[in-house]
Amino acid sequence: MAKTGMSGTAGDSPSGVAPGAGIAVVAADTPAPVTRPLPRRRGVEFTLIVVAVLLSVYGYCAVGLAQDGTLPPGALRYGAGLGVLALLAHLAVRLRAPDADPLLLPIAVLLNGLGLVLIYRLDLATPADRAAPTQLNWSTLGVSLFIIAVVLLRDHRVLMRYTYVCVVGALALLTLPVFFPAVNGARIWLRIAGFSFQPGEFAKVLLAVFFAGYLAANRHALTYAGRRLWFLQFPTGRVLGPIVAIWLLSVGVLVLERDLGTSLLFFGLFVVMLYVATGRTGWVAVGLLLAVAGAVAVGRYEPHVHSRVQDWLHPFASIDAGQGPGQLAQSLFAFAAGGLSGTGLGRGHSVLIGFAVKSDFVLATAGEELGLAGLSAIFLLYALLVTCGYRAGLALRDPFGRLLAVGLASILALQVFVIAGGVTGLIPLTGMAMPFLAQGGSSVVTNWIIVALLIRMSDSARRPLDNSSETRVS
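It should be emphasised that the depicted structure is a prediction, and the values quoted were computed from it without experimental measurement.

### Some words on empty space enclosed by the protein
A complete count under the given rule lists 3 cavities of 30 Å³ or more for this structure. Taken as a whole, the largest cavity spans an internal volume of roughly 70 Å³. If you trace the largest cavity, you find it lined by Leu82, Leu85, Ala86, Ala89, Val109, Asn112, Leu116, Leu136, Ser139, Val143 and Trp448. The set of elements that each furnish at least two residues to the lining of the largest cavity consists of α2 (75-96), α3 (104-125) and α4 (132-152). Of all the elements, α2 adds the most residues to the lining of the largest cavity, at 4 residues.

### A word on the packing of helix α13 (residues 327-338) against helix α14 (residues 362-395)
Look at α13 against α14: their axes get within 7 Å of each other, and the N-to-C directions meet at 30°. Judged on the interaxial angle alone, α14 and α13 are roughly parallel. Crossing of α13 against α14: the hand is right-handed. Facing α13, whose interface residues are Ser331, Ala334, Phe335, Ala337 and Gly338, α14 presents Leu363, Ala364, Gly367, Glu368, Gly371 and Leu375. The residue makeup of the contact of α13 with α14, split by class, is 6 nonpolar, 4 polar and 1 charged.

### Regarding the layout of surface pockets
Within this model, the second largest pocket holds a volume of roughly 360 Å³. Lining the second largest pocket are 16 residues, and of these Tyr60, Gly74, Arg77, Tyr78 and Leu136 lie nearest its centre. Contributions of two or more residues to the lining of the second largest pocket are made by α2, α3 and α4. Split by residue class, the lining of the second largest pocket holds 11 nonpolar, 3 polar and 2 charged.

### Focus on the side chain of Thr446
Structurally, Thr446 is set in helix α16 (residues 441-462). Sequence-distant contacts of Thr446, defined by excluding residues within four places in its chain, comprise Glu201, Phe202, Lys204 and Val205.

### Some remarks on the packing of aromatic side chains
The full count for this structure, using the stated rule, is 9 aromatic pairs. Note on Tyr60 and Tyr78: the rings are 4.6 Å apart at their centroids and 15° apart in plane angle, and the pair reads as stacked. Taken as a pair, Tyr60 in helix α1 (residues 42-68) and Tyr78 in helix α2 lie far apart in primary sequence, 18 residues in all. The exposure classification of Tyr60 matches that of Tyr78, with both residues buried. Here the aromatic cluster, defined as three or more aromatic residues joined through ring pairs, consists of Tyr164, Phe210, Phe211, Tyr214 and Phe270.

Rules behind the numbers
- Residues numbered from 1 in each chain as written.
- Predicted model: local features only at pLDDT ≥ 70, side-chain atom pairs only at ≥ 80, totals over all residues.
- Heavy atoms only, no water.
- 1 Å grid on protein atoms, 1.4 Å probe; cavity = no way out; pocket = protein on both sides within 12 Å on 5 of 7 lines; lining within 4 Å.
- Points joined across faces, edges and corners; volume = space filled by probe spheres on them.
- Helix = DSSP H or I, 4+ residues; strand = E, 2+ residues; numbered from the N terminus.
- Axes fitted to C-alpha atoms, helices over the stretch in contact; angles between N-to-C directions.
- Parallel < 35°, antiparallel > 145°, perpendicular 65-115°, else oblique.
- Left-handed = near helix turned anticlockwise from the far one by under 90°.
- Contact = heavy atoms within 4.5 Å.
- Nonpolar A, V, L, I, M, F, W, Y, C, P; charged D, E, K, R; others polar.
- Phe/Tyr/Trp six-rings, centres within 6.5 Å; stacked < 30°, edge-to-face > 60°.
- Buried < 20%, exposed > 50% of the residue type's maximum accessible area, 1.4 Å probe, protein only.

Quick look at the structure:
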């Protein structure tokens, strides 16, 4: 018996997915196309962007009023700059991707604006280390690349031609930091002529393209060929070998560089996309077992990671020893001080966390000054952003697009989980940047590229095949 919506047996089905195996993402190569025009809602998108900019400017002003009782002198310039960037991005979407999901761009604008507000607020407490102007410059570059990607990339399927080019570029980017000095115990930075960036941030997008292209081209062999062991049917080594080798090489380089956060991200991305491509739940079980085994081994024998595990198990040990609270303890104090409604923007003390307060621990500032209510709203924004990506993937008619959309959305979801879990004490802390919120030029640029690709794929998913003359809602 074939699955609903498919004809014939498993062997001659359009996607080659056996009865009872597979999920909606790969259930058929040609799902029911959109034949009736959907509302484009570009007007709704514009309204939401205006609200996002106004909320960001309000937060900027609230910080100044809380600090010295006056509006910050750069409020008008900040609002105008953010507004112009958002308007240009909206025009690019309206002209080149008119059928895209209207929520993606406003959410990105609001999260980026809130991140600039939080970094500016922390700059006031650390005048010798001002990061907001640099972050604004990186945000401008990110939006510029967003516009270029939306305008020039008319069809996401073009990226499948560069599957192996992307993996070579990703491995090169991951290897480069090995030849540069370590920063805070990890070799993840490139510093050239006064500028620094993290190549691993860009490599994750390239690897997502590679995984999507390779898995889409070999999904039938991955599902059926090879031997069956217990509840899991393994593909042949000829099919599975190359992608496993690339993944192991990527993670191995990252472990040598002590970039365990990105290693965990790549591992999760690999398992998610393999599951989506094959529909085999056994891959999830195997992935969880390998993740636990790897975490135990690295946490026990790698000194840098072992110290973070100890801090996670005993966050208040330094206080008991009379050495004062460490970073994780200060983070937990910040969340506790925020309560339900927060202390108000500009009125917290999360700067006591130390040097990583603008990067790894920026969420603690949001938790203290916006409270549980504000923190929940931020998580809901991330959930909506990821949901829009998954929805685009489910609606796309080509396997490569489905896998790429799910992979890019999963990158954002995994980052949020790993970072939020680390700063709240749920899991050991790993050095990563909260998407759009945290200080980090490479991160914000990469996130804007991810949103651009999701918008392009959302436009393809929502565009009807029958270009009827029916009037579209704008």
